[in-house]
Amino acid sequence: MIEAPEARYLSEQLNRTVRGKKITDVFAQYTPHKFAWFYGNPEEYPERLAGKTIDEINPRGGMIEIKAGEMLLILTDGVNLRYFAPGERLPAKHQLLIGFEDESCLVASVRMYGGLWCFPNEGFDAPISAYYEAAKNKPQVMSEEFSKEYFMELINAEDAQKKTAKAFLATEQTIPGLGNGVLQDILYNARIHPKTKINALSTEKRENLYDKVKSTLHEIYEQGGRSTETDIFGKNGGYIPHLSKDTAGTACPRCGETIKKENYLGGSIYYCSGCQVNNIS
């Protein structure tokens, strides 16, 4: 599942590759997928998009927003994107295929679940998704608008104090695009246990956590995303997480203690038993 660093990287790739191209063909739900979510009838997607030109692509949290004329196409974090140059062999299965005037194609395939929402940019009343609305209206975590002052307002808020570090960072869309995938290394770099309560963190540790959010996400972005994700050309990212299912049970390279795995808040958490002391209050 892509998160903020991958969404930024993919958006930049798309801007370099398909921006300015005219859409000639659209196939939506070509391969039926129970958990591929469309806005309205996918059979109407060709009418909405054909003849439009790709104007701009932006990251929205862990989503990608594509502007084409008066239409928006939102691809959520469970959608895998591939670009195919003219003449390249196309995959047999996909949930959305967009063909361009130069005979190149952009293909979207849903993994476990994902949204492929196409709707008018103007005059649209009902929200598509609370996740998209939050991602659209809040500062992007990798932007300058996501400042230390803004972060300190979030972490010092009354409702944040009883939350654990994981709950604060990666639930309820407090920080769109920051999910369980990138959370592990952020907390590892900050030397904070995922279950540590926010009210147990000093001001210095809260400021350090902000720095690690920024530096960890930037490092992932600079390496083209995590090694578990692919770019629009099918190339895996170069960032290998410090904490993951692959490192659970091994020795921490920083202190030598064991990296552990637990189930927590509907997902897995990984932490070093030596570097990340459980400081629940």
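Preceding this section is the structure that the text describes.
Please read all numbers here as calculations on a predicted model, not as lab measurements.

A. View of the pattern of salt bridges. Taken as a whole and assessed by the stated rule, the structure comprises twelve salt bridges. Here Arg8 makes a salt bridge to Glu12, at a shortest N to O gap of 3.4 Å. Taken together, the residues Arg8 and Glu12, both in helix 1 (residues 4–17) and four residues apart, mark about one turn of the helix. A relative accessible area of 25% means that Arg8 is categorised as partly exposed. Relative accessible area serves as the criterion here: at 26%, Glu12 is assigned to the partly exposed category. Here Arg60 ties to Glu65 by a salt bridge, and the two come within 3.2 Å at their closest N and O atoms.

B. Fine view of the sheet that holds strand 3 (residues 54–60). Taken together, five strands build an open sheet; the order of strands is 2-9-5-4-3 and the sheet is mixed. Unpaired on one side and paired on the other, strand 2 (36–38) and strand 3 mark the two borders of the sheet. Between one strand axis and the next, the sheet turns through 15° on average, direction left out of account. Examined bridge by bridge, strand 5 (residues 71–75) and strand 9 (residues 114–120) share five bridges and lie antiparallel to one another. Along strand 9, the bridge assignment pairs Met71 with Pro120. In the packing of helix 1 onto the sheet, the strands contacted are strand 3 and strand 4 (63–68), and the crossing angle to strand 3 comes to about 170°.

C. Region of interest: a nonpolar patch on the surface. There is a patch of nonpolar side chains on the surface, built from Phe35, Trp37, Met112 and Tyr113 and spanning about 440 Å² of accessible area. Secondary-structure assignment places Trp37 in strand 2. Taking the relative accessible area as the measure of exposure, Trp37 reaches 40% and is therefore partly exposed.

Conventions and cut-offs
- Residues numbered from 1 in each chain as written.
- Predicted model: local features only at pLDDT ≥ 70, side-chain atom pairs only at ≥ 80, totals over all residues.
- Heavy atoms only, no water.
- Salt bridge = Lys/Arg side-chain N within 4 Å of Asp/Glu carboxyl O.
- Helix = DSSP H or I, 4+ residues; strand = E, 2+ residues; numbered from the N terminus.
- Buried < 20%, exposed > 50% of the residue type's maximum accessible area, 1.4 Å probe, protein only.
- Pairing = 2+ DSSP bridges.
- Axes fitted to C-alpha atoms, helices over the stretch in contact; angles between N-to-C directions.
- Contact = heavy atoms within 4.5 Å.
- Patch = residues over 30% accessible without salt bridge, like charges linked within 9 Å, V, L, I, M, F, W, Y side chains within 5 Å.
- Areas by Shrake-Rupley, 256 points an atom, 1.4 Å probe, with all protein chains shown as cover.

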